[in-house]
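Residues per chain, in single letters:
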Amino acid sequence: MIICSCAVISDTDISNAIDWMRAADPDTVITPGKIYRALGKAPQCGGCISLFVANMRDNDNIGVPIHLRNLRTNRQGTFRNEGRPKGHRVPESRAEKRTHGHQPVLAALPTSG
């Protein structure tokens, strides 16, 4: 069945590309973009992406390798802050004052007329 009519990619092409990529590198994370590149094609209109991804999920070799899962959580199960200090964000109260207070965030642009 044709999945992407712009690039003429079938469900068999997607399955074969996934199997080939997994055999070539068992640790790779397979994405639609990598499949397009493996097939020597490029996405054009994007109308097929939901069907493309659904077809990818049907393949048994699509899963993320076990040692690459949950890399964002530390041993306590909380998310790391990537080395940023705790107070690196604008406090909520200041952000709220800017958006809901008397001072507008963006001034109205003058209209030419």
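Okay, so let's go over this structure. (Residues numbered from 1 in each chain as written. Predicted model: local features only at pLDDT ≥ 70, side-chain atom pairs only at ≥ 80, totals over all residues. Heavy atoms only, no water.)

Counting secondary structure elements, the protein chain contains four helices and two strands. Order of helices (α) and strands (β) in the protein chain, N terminus to C terminus: β-β-α-α-α-α. By residue count, 19% of the 113 residues in the protein chain fall in the buried class. Of all intrachain contacts in the protein chain linking residues separated by at least 6 positions in sequence, the fraction that spans at least 24 positions is 49%. Summed over its atoms, the accessible surface of the protein chain is roughly 9,100 Å², and 54% of this surface lies on carbon and sulfur atoms. (Helix = DSSP H or I, 4+ residues; strand = E, 2+ residues; numbered from the N terminus. Buried < 20%, exposed > 50% of the residue type's maximum accessible area, 1.4 Å probe, protein only. Contact = heavy atoms within 4.5 Å. Areas by Shrake-Rupley, 256 points an atom, 1.4 Å probe, with all protein chains shown as cover.)

On to the side chain of asparagine 59. Along the chain, asparagine 59 turns up in the loop between α3 (49-57) and α4 (92-100). A relative accessible area of 11% places asparagine 59 in the buried class. Here aspartate 19 takes part through its side chain, which lies 3.4 Å from a polar atom of the side chain of asparagine 59. Leave out the neighbours within four places in its chain, and asparagine 59 touches Ser15, Ile18 and Asp19. (Polar contact = N/O pair within 3.5 Å; in protein donor to acceptor, adjacent residues only side chain to side chain.)

Attention now moves to the packing of helix α1 (residues 11-24) against α3. How two helices sit against one another is set out by the angle between their axes and by the gap between those axes. At their nearest, the axes of α1 and α3 sit 10 Å apart, and the two run at 50° to each other. The angle between α1 and α3 falls in the class oblique. The element α1 and its partner α3 pack so that their crossing is right-handed. Mapping the contact onto sequence places Asp11, Ile14 and Ile18 in α1 and Phe52, Asn55 and Met56 in α3. (Axes fitted to C-alpha atoms, helices over the stretch in contact; angles between N-to-C directions. Parallel < 35°, antiparallel > 145°, perpendicular 65-115°, else oblique. Left-handed = near helix turned anticlockwise from the far one by under 90°.)

What follows concerns the nonpolar core. Membership of the largest hydrophobic core comes to 15 residues, with the highest contact counts inside it found for Ile14, Ile35, Phe52 and Met56. When contributions to this core are tallied by element, the ones reaching two or more residues are β1 (2-4), α1, α2 (32-38) and α3. Per-element tally for this core: the top contributor is α1, with four residues. Once residues lying within four places of it in the same chain are set aside, the contact partners of isoleucine 14 are Ile3, Ile9, Ile35, Phe52, Asn55 and Met56. (Core = buried A, V, L, I, M, F, W, Y, C linked by side-chain atoms within 4.5 Å.)

Attention now goes to the packing of aromatic side chains. For the coordinates displayed, the defined rule picks out one aromatic pair. Note on tyrosine 36 and phenylalanine 52: the rings are 4.9 Å apart at their centroids and 10° apart in plane angle, and the pair reads as stacked. Of the two residues, tyrosine 36 is situated in helix α2 and phenylalanine 52 in helix α3; the sequence distance between them amounts to 16 residues. The residues tyrosine 36 and phenylalanine 52 share a single accessibility class, namely buried. (Phe/Tyr/Trp six-rings, centres within 6.5 Å; stacked < 30°, edge-to-face > 60°.)

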